[in-house]
Each structure stands twice: as structure tokens, then as C-alpha cells.
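Geometric and topological summary
Each chain, written out:
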Amino acid sequence: MDLRYSESDEAFRKELRSWLDSEVPAHGRPPSEHDWPARREYDTAWQRKLYEAGYAGINWPKEFGGRDASLTEQLVYYEEIARANAPYVGVNFVGLLHGGPTLMSEGTPEQREKHIGPIIRGEEVWCQGFSEPSAGSDLAALKTKAELDGDHYVVSGHKIWTSFAQVSDYCELLVRTNPEEKHRGITWLAMPMDLEGIEIRPLPTIVGSSEFSELFLENVRVPVSCRIGKENDGWRVTNVTLSFERGTAFASDIYQLQESLRELTRLAKVLTRDDAVAWEDRTLRRDVGHLAAELDGLWALVKYMVSEAGKTGVPGLTGSCVKLYYTELKQRLGDLSLRLLGRASLSRDDVGGMASETIVYEALQSLSMTIAGGTSQIQRNIISERVLGLPREPR
Amino acid sequence: MDFQLTEDQEALRDGVRSFCEGRVSIDALRELEKTGFDRELWGELAEMGVFSLRQSEDAGGVGLGSADAVLVFEELGRCLAPGPVTWSHLAADLVDGAATGECVVGGIDLSRTNSDPLLIEHLEHIDALLVLRPDGIERIDPKALSGRAIERPLDPFTPVHEVAELPAGERLGDAEAAARFRLEGAALASGMLLGIAEASQELATDYAKKREQFGRPIGGFQALKHKLADCYTRQELARAAAYAAGATLDDPEVGDVLRAVSTAKVLTGDAAMENARACVQIHGGMGYTWEVPAHYYLKRIWVLENQFGTVGEHAERVAERIAVGD
């Protein structure tokens, strides 16, 4: 049981920190979340810088242009990225965390050649066409159909909650190629977003931004060469990479929450409640201390999980615990922040030198996190069935 | 960084677990409910090194660290080991015979002022009583105390006497020593709370798999599955925090020791209490009876909650630590 990072990990930290210290301020502040073309420009330019400096694809193998960092170096990376408040992975999220790894494991040499370099260099942006209006948690109930016509699939259907669709080049599209089978009738396509028959309709979120879209697909002709894996084998292909989302993907976010908590503490020291500085209130301090303890515990659990994966070679099911706890903790932190802001939260103007807008945005945005990437209810099913061995839900 | 148990640590944990399973079963505890303190068991715990675990080898101890001690106390918590094990362990270097089990050492923490009654645990069975005060540690001869034995203490395995006042004792350590004692005590109590969190989750899960209602095991109903998934998640978070507290005590350069220990006490305290309550609930009507052991866990947790700082006090301490950072 050794919590001390190695000398080489610390050397990596030093090198990365000094790079971030100069590059993060130089990259400037992100554009408004309502201007997606500008956002794409900002995020992909940052990705390009990471690539050129050798920090892109931190867990990707070297043969695909990644850094192939050890698990502990990845933790150092996430700690430093969060500490420097570096730009978020943003519009590159799907390609880097999902599409790229899927191609590495399941793509043909030609498909890898075509996409992996552009993804890691920030030249190609991907979105995810998995969910449908009646296929969310029950993803395998998807209906978007694809029929083979010569060397093309003709695709028609309706996808929803597709982040960054309006600025994406490719879409990871799950389609139904066999209506008789449920899981074994699904195929995985890398669909170019500039094909005829794709209509993108932005779907405003409760935050008021339009990062989501609906995709309406009408007789879209997708070349068979865009298929990843075999026909009707898309469910397996999907599950190969979904585990990436539940592993260290949250490490950076968890560490970043420490900053939100510090912000809350700063706020509590300048705002007054009941004729006293809010921080004088013991109940509030205990609430804050409680959240801080939970956050520290969660970070310790990530270290425990990463060490376990280092030993066994596979990400454990603890990933579901981390996802479940982190997302609910983030919402409780949002609640406490809004309670502290009080009426000031209604205007979203700055309060005591703090950006009230950001606090309100984070609190609202956190509501998506217990839904996306497998709802909290699905995570609880996974834990109770696969870890505790309780009887399965009907499916 | 390798935040996993070493082979030695796994062997240590397995050894203590198998001893506890054989020697400190729930049935054995039920016997103890009638007969009281088991001096023989105390000797066996001492022989296994429970009290001398962190004492240096030169002094006759085992020479292990706090992370190892947390693992051992996790097992002692899991089996609801009776007696003042934490105090006797902490006293290894302070009181002759504590490490070997010849002198049973109890204690009371008076380092924070409050209006609680003076309740001394295990008074009839201890040979020395340690008192933690803000300015130091004192030793009192328990025979010098007269008190009222509480007929039905909350935890049936933690007998208490109420005494009117404590005489001045022999001074064994200064304020710094007292603070250190309290810090390590909180870490060990966290280990025990973690063990209880696990034991009550496992008891509840086993029952949910066996008990049938409406023609199927109740563990197949989502309401229970989700409750148990939360129990497991809290327990794993508590485990990471408790182990981190031990590792940070051993190597203070990896983090803020005060913050790590307080974090552990908060998270293990919560996990144990929530899991034990869930265990009573999931056992249904039987969960509310003396027969099902769920209540033993709950009652021991309440003893540990009131040792070396409550969840609330430690949460406040974490808040103080993060506010200092600004």
C-alpha cells in the first residue's frame, strides 16, 4: 500500500505542469457555449497543441500516436490538467474516449489509417448516434434500420441527445440490421455527417445551451466500408469500448470538483447570512467538510481502482461505483452552492467577485450526469447483479 | 504508487479474519452476553499481535505500520471483537503489559468539552484507565473509581459504568501526545467501522438472496437491489478512505494527515451507520428482533461514533483543513 508517486511520475508531473503553466493562459478563454463552430475551433486547436507537445491520447498506444502513459502517469495527468484549469476535452470527447479506442480494437487497417490520426490530432470530430427516443437505458431496443443495397447501407430512423452533432465529421451510429434479433441484430457504422438525408435539429437543454441535437435520418446511403466489425455484431463492438467511459474517464472531473468546492468556501467567506459571515455557520461548515471528505474518499477510490486495474489488467466494476457516487455528489455540491448564493442565483450576475453564472451553470449541468453514460439506476443494477450477485432484472 | 494490499498485508488480513471467524463468531458473542469479559480471548488477541502490532521490534513488538493496523482493526470490527481493543493497542508503549495483554487498558476521551455523562467502558475488566484531555494523557487506577454499573448498556458487549468524577491521575504524555493518540484512535476506529459496514452489507445481501416473498427472492426486487448497491458503494468509498488514512499516517508526505484521518472517520461512520440500518430494514420484521444480529452492528457503531470524534466533529475538521488551504 504505497500512495507515493514514483520519481519518474513526479518528473512527468513537473514537465507537464511547466508546459501547462505557459500554454493554458496563452490559449485564452473558451467561447460561449452557444457558439458551437467557435467551440469546435477552440477545442480542436487545444487538441492539436496537446498532440504536438506529446500529451494527446494519454492512454492510447504509441503506435496510434498516443503517449501510452502508465496508469499512475494518467492520474498525474488528470491532476495537473485539473489544477491548471486546462480546456476540457470538449467536442473531441466521443472520438478520443470512444471512437478511437473502438477503431483500435475492432477497425480494419484501412479504417484505422483513415481515422485514428485525424482524431488524435484534433482534425476529425465525432459524435455518438446511439440513443433513440424509445431506446435510452434499453439501448438494444433501438429501431433505426439499415438495409443493404449493393455496397451501401440505406439508413432511416431517429437519433436523439447527440452531443456536438452540428460540428461533427463522423457519427458512431448503431443501426438495426436484423429485426428478428435484439442484441444480435445491431451493426456499428462510422457515418460521415455530410451525407444526403441527414437532418440535424438542435435540442436546447435545461442549461439553455444547444449542445444536444436530434438526428433525423432518411434513406442515408452509408458505404459498407464504414462498418466497424461484422454485420449484426455491433452490440459486442459497443461493449468493448463502453468500459472506457466508466473507468478513468471521470478522474479529471472528480479532481476538478475540488476546485468547485474551494470556490464554494471562498463564497461562504464573503457572503453574509443572518447578519454573519456564512462561514461562521457551523452547520454549513460541516456540510462543506462532509462533501470535501466524500470527494477525498472518491479520489482515493479512483487510486485504489487504478492500482487494481494495473494489477489485473482489466478495469474493475468499481467504475460503476465511482460513476454513481461522483455524479450524485456533484449534484449535492450544486445544491449547496445554490443555497449559499440565495437570491443572487436568480440574476446570475457576479457575487462577491465570484462568477455566479458558472455556479448556476454547473448546478444545472450536473443534472445530466446521473442520466448520461448509463443512469444511476442502471449503475445500481450493475453493482447489485454483477458484484453482489443478486437476481437479474428481466431483460 | 500502488494503492493495493501487499502480499504480506493480505496474509495478515486473512490470518486475523480466519482467527475471528473461528473464535469470535456471533454465537460466541451471545455466550459472552451471559458470561462477560473473556480474558482468554484477550490473551489470544495479544498473542496474535493485535496490541503490539505497531510497537517497534526492539521493544518486543511486531513493528508494522498504521496501514497494517487499519486492516487488522477492520477484521476486529467485522467480528465485533469485544473489549477495549483500541485503547489497549494505543497504550502499547505507554503502559507496561498492554502490548502482551497482561494489562487490559481502557480509556475515555475528554479532549472536547461537552455535557455528556462520564461513562467508562469495561470498567470492571480493565487494569488501567487512560484519560485523554486537551493538555495531555493521564493514567488512573480503575480500582480507585466507584461508579454505578449501567444495567442495560446500549451495546450488550460494551458494559459501562457511570462515575461522578475522575480523580487526578498520573501524567503519561503532553498535549501533543494526546493529539497523536486521538488521531491514531480515530484511524483505528475507522478501520473497525469499515469492517462493520462490510459485515452488515454482507449479512443483508445473503438474506436478500435467500428470503422469498411473492414467490421469488426479495433480492430480485429493484428497491432492495438499489439499497444494497448503495451499501456496497459507500463501503468501497469508506475502504479507500480508511486505507488512505493508514497509509498517510505511515508516510505523511503523501498528504495532510489530519484531513485524511478525519475523512476516514466521516466516511466509515456514515457507511457503517447507513449499512447497518439497511441491514435491519432488509431483514424485515425479524430485523427488529434481538435474534437477528443486525442490531449488534448498529449498537457497536454507536459506541465507535462516540470515540475519538463524531462524524460531525470530523466533518468540521475537514472544513477547517480546506479553509486553511486558501
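First, a word on what this report is: a plain description of the structure on this page.

How each quantity is defined
Residues numbered from 1 in each chain as written. Chains lettered and ligands numbered in written order. Predicted model: local features only at pLDDT ≥ 70, side-chain atom pairs only at ≥ 80, totals over all residues. Heavy atoms only, no water. Axes fitted to C-alpha atoms, helices over the stretch in contact; angles between N-to-C directions. Helix = DSSP H or I, 4+ residues; strand = E, 2+ residues; numbered from the N terminus. Parallel < 35°, antiparallel > 145°, perpendicular 65-115°, else oblique. Left-handed = near helix turned anticlockwise from the far one by under 90°. Contact = heavy atoms within 4.5 Å. Buried < 20%, exposed > 50% of the residue type's maximum accessible area, 1.4 Å probe, protein only. Polar contact = N/O pair within 3.5 Å; in protein donor to acceptor, adjacent residues only side chain to side chain. Pairing = 2+ DSSP bridges. Disulfide = S-S within 2.5 Å.

Turning to the packing of helix α6 (residues 175–210) of chain B against helix α10 (residues 294–305) of chain B, a few remarks are in order. Residue and element names in this part refer to chain B. Look at α6 against α10: their axes get within 10 Å of each other, and the N-to-C directions meet at 160°. Relative to α10, α6 is oriented roughly antiparallel. The way α6 lies across α10 gives a crossing that is left-handed. Across the interface between the two elements, Ala 189, Met 192, Leu 193, Ile 196, Ala 199, Ser 200 and Leu 203 from α6 touch Ala 294, Tyr 297, Arg 300, Ile 301 and Leu 304 from α10.

A separate point is the side chain of B:Thr310. Residue and element names in this part refer to chain B. With respect to the element layout, Thr 310 can be found in the loop between α10 and α11 (311–324). Given a relative accessible area of 18%, Thr 310 falls into the buried group. In terms of polar contacts, Thr 310 uses its side chain to reach the backbone amide nitrogen of Glu 313, at 3.1 Å.

The next point concerns the sheet that holds strand β3 (residues 128–133) of chain B. Residues and elements named next belong to chain B. The strand order across the open sheet formed by 4 strands is β1-β3-β4-β7, and the pairing between neighbours is mixed. With one partner strand each, in any of the chains shown, β1 (105–109) and β7 (170–174) form the two edges of the open sheet. Along the sheet, successive strands turn relative to each other by an average axial angle of 25°, direction set aside. Pairing of strand β4 (residues 136–140) with β7, which is carried by 4 bridges, proceeds in the antiparallel orientation. Bridging across to β7, Gly 136 finds its partner in Asp 174. On the sheet, α6 packs against β1, β3, β4 and β7 and is oriented at approximately 80° with respect to β7.

Moving on, we get to the sheet that holds strand β5 (residues 147–149) of chain B. Residues and elements named next belong to chain B. The strand order across the open sheet formed by 3 strands is β2-β6-β5, and the pairing between neighbours is antiparallel. Unpaired on one side and paired on the other, β2 (119–121) and β5 mark the two borders of the sheet. Taken pair by pair, the neighbouring strands of this sheet meet at an average axis angle of 30°, ignoring direction. Relative to strand β6 (residues 160–163), β2 runs antiparallel, the two sharing 3 bridges. What sits directly across from Ile 120, in β6, is His 161.

Residue and element names in this part refer to chain A. Counting buried positions along strand β5 (residues 186–192) yields 7 of 7 residues, so the element is predominantly enclosed. Side chains Ile 186, Trp 188, Ala 190 and Pro 192 project from β5 onto one buried face, and the interleaved Thr 187, Leu 189 and Met 191 project onto a second face that is buried too. Here 7 bridges tie strand β4 (residues 170–176) to β5, and the two strands are oriented antiparallel to one another. Bridge assignment links Val 175 to a residue of β5, and that residue is Thr 187.

Moving on, we come to the state of the cysteines. Applying the stated criterion across every chain, the model contains 0 disulfides over all chains. Unpaired in this structure, B:Cys231 has its nearest cysteine sulfur neighbour in B:Cys279, at a distance of 8.3 Å.

Function cannot be read off these values alone, since they describe shape.
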